[in-house]
Amino acid sequence: MTQGQTAGLDGSTSSAPSRGWGRPGMAPTRIVLVRHGETDHTTDKRFSGGLASANPPLNELGRRHVWETAEWLATVGEQVDVVLSSPVRRTLESAEIVAEVLGQREVLVDDGFAEMEFGTWDGMTFLEVAEKFPDELKAWFGDLDHAPGGGESFRTVQARVLAGLERVIEAHAGKTVVLVSHVTPIKTLVAQALGAPLEALYRMELQPASVTVLSWFLGGSEGDELMASMRVFNATPGAHWDGAFPL
């Protein structure tokens, strides 16, 4: 990609001499991304995938951290229109806490934002995978199209996450959506928003119950190009800001 270009949802590029400016009078679609709280797999640093995984619940600390994050978001709760979640147990449990604190009546679900499937690696620690499947682990680090343990590749996850993004923007244009998801889908959306290659996932860290905020809008030279900006990344209450959430 050359200077003056930006990536579309389909990976295409187009001229964009005007960056970061939305069409006048049109509200952006704000997506407040919340990573789920801790599970025992998180604590033990085990691979934990989507619906085909062991599907562990939140542990006690995870529930407490999500509650603290939800109370932080409640400082701008009147601006939140929708709470959306991955269908995986730990995200649904987190989203239900967020919805309760924000006073939302329901949690919508979109399968596109589930975590990557890790196949036979699911439930194993990194060290266990390195010892049992060293060649496959090396292949996974070197190839975004390689599916770990017969699960999903990063490219496969990217395709379904970006399809989910299109659905969110179409259904909730100009609204503020709290989306509870996982590490890989959140990193994928951040990379897309910043026009970064998918390899950028390797250079991001996300804490459990952390918050990342992306705004999607029509901009570019003709005012019809879907663009994004990032306002917050990997933020947690207290550790990053005190007081009201910086929406």
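Everything quoted here is computed from the prediction, not taken from an experiment.

Caption draft 1: Representation of the overall build of the chain in the model. The secondary structure content of the chain amounts to seven helices and eight strands. Evaluated residue by residue, the chain yields a buried proportion of 51% over its 247 residues. When contacts within the chain are restricted to residue pairs at least 6 apart in sequence, those whose partners lie at least 24 apart make up 71%. Of the roughly 11700 Å² of accessible surface on the chain, a fraction of 50% belongs to carbon and sulfur atoms.

Caption draft 2: Main features of helix α2 (residues 60-73). Counted at 1.5 Å a residue, the expected span for α2 with its 14 residues is 20 Å, and the 20 Å between its end C-alpha atoms agrees. Of the residues making up α2, those classed as buried are G62, V66, T69, A70, W72 and L73. Projected down its long axis, α2 shows its buried positions confined to an angular sector of 155 degrees, all on one face. If you follow the buried residues of α2, they end up packed against β3 (29-35), α3 (89-102), β7 (211-219) and β8 (225-235).

Caption draft 3: Structural view of the nonpolar core. By size, the foremost hydrophobic cluster in this structure holds 37 residues, and its most contacted members are W140, L189 and W216. Broken down by secondary-structure element, the contributors of at least two residues to this core are β3, β4 (82-85), α5 (134-142), α6 (154-171), β6 (176-181), α7 (183-194) and β7. Element by element, the count of residues in this core is highest for α6, at seven residues. Each residue touching W140, except ones within four places of it in the same chain, is listed here: F47, M116, F118, W121, H146, P148, F154 and Y202. Counting residues in hydrophobic clusters, the runner-up holds 21 residues, among them V80, V211, V213 and A235.

Caption draft 4: Summary view of the sheet that holds β7. With respect to topology, six strands assemble into an open sheet ordered β5-β4-β6-β3-β7-β8, the strand pairing being mixed. The outermost strands of the open sheet, each flanked by one partner alone, are β5 (108-109) and β8. The pairing of β3 with β7 spans six bridges and is classified as antiparallel. By the bridge assignment for β7, R30 is matched with S215. Against the sheet, α7 engages β3, β6, β7 and β8, with an angle of about 35 degrees to β7.

Caption draft 5: Region of the structure containing the layout of surface pockets. In this structure, the largest pocket occupies an estimated 1000 Å³ of space. Listed by contribution, the elements that provide at least two residues to the lining of the largest pocket are α1 (40-43), α5 and α7. Looking at side-chain class alone, the lining of the largest pocket contains 12 nonpolar, eight polar and eight charged residues.

Caption draft 6: Seen up close, unusual backbone geometry. The phi torsion at K45 lies on the positive side, around 55 degrees, for a residue other than glycine. Located in the positive-phi region is N234, a residue other than glycine, with phi close to 55 degrees. Structurally, N234 can be placed in strand β8. A relative accessible area of 11% means that N234 is categorised as buried.

Caption draft 7: Quick peek at a nonpolar patch on the surface. Taken together, F126, F141 and Y202 make up a surface patch of nonpolar side chains, about 300 Å² in accessible area. Since its relative accessible area comes to 44%, F141 is described here as partly exposed.

Caption draft 8: Region of the structure containing the packing of α2 against α3. Interhelical geometry of α2 versus α3 gives an angle of 35 degrees and a closest axis separation of 9 Å. Like other packed secondary-structure pairs, α2 and α3 cross with a definite hand, here right-handed. Together, R63, V66, W67, A70, E71 and L73 of α2 and E93, S94, I97, V98, E100, V101 and L102 of α3 make up the contact between the two elements. Looking at the contact of α2 with α3 residue by residue, the classes come out as eight nonpolar, one polar and four charged.

Caption draft 9: Molecular detail of the pattern of salt bridges. Counted according to the given criterion, the structure contains six salt bridges. Of the charged contacts in the structure, one is a salt bridge between E93 and R89, with a shortest N-O distance of 3.1 Å. Pair noted here: E93 and R89 are both in helix α3, with a separation of four residues, about one helical turn. Overall, R89 belongs to the partly exposed group, its relative accessible area being 40%. The salt bridge partner of R160 is E152, with a shortest N-O separation of 2.9 Å. Its relative accessible area of 19% is what places R160 among the buried residues. Each of D44, R46 and E128 takes part in a single network of salt bridges with overlapping partners.

The rules behind the values
Residues numbered from 1 in each chain as written. Predicted model: local features only at pLDDT ≥ 70, side-chain atom pairs only at ≥ 80, totals over all residues. Heavy atoms only, no water. Helix = DSSP H or I, 4+ residues; strand = E, 2+ residues; numbered from the N terminus. Buried < 20%, exposed > 50% of the residue type's maximum accessible area, 1.4 Å probe, protein only. Contact = heavy atoms within 4.5 Å. Areas by Shrake-Rupley, 256 points an atom, 1.4 Å probe, with all protein chains shown as cover. Expected span 1.5 Å × (residues − 1). Arc of directions from axis to C-beta. Core = buried A, V, L, I, M, F, W, Y, C linked by side-chain atoms within 4.5 Å. Pairing = 2+ DSSP bridges. Axes fitted to C-alpha atoms, helices over the stretch in contact; angles between N-to-C directions. 1 Å grid on protein atoms, 1.4 Å probe; cavity = no way out; pocket = protein on both sides within 12 Å on 5 of 7 lines; lining within 4 Å. Points joined across faces, edges and corners; volume = space filled by probe spheres on them. Nonpolar A, V, L, I, M, F, W, Y, C, P; charged D, E, K, R; others polar. Patch = residues over 30% accessible without salt bridge, like charges linked within 9 Å, V, L, I, M, F, W, Y side chains within 5 Å. Salt bridge = Lys/Arg side-chain N within 4 Å of Asp/Glu carboxyl O. Left-handed = near helix turned anticlockwise from the far one by under 90°.

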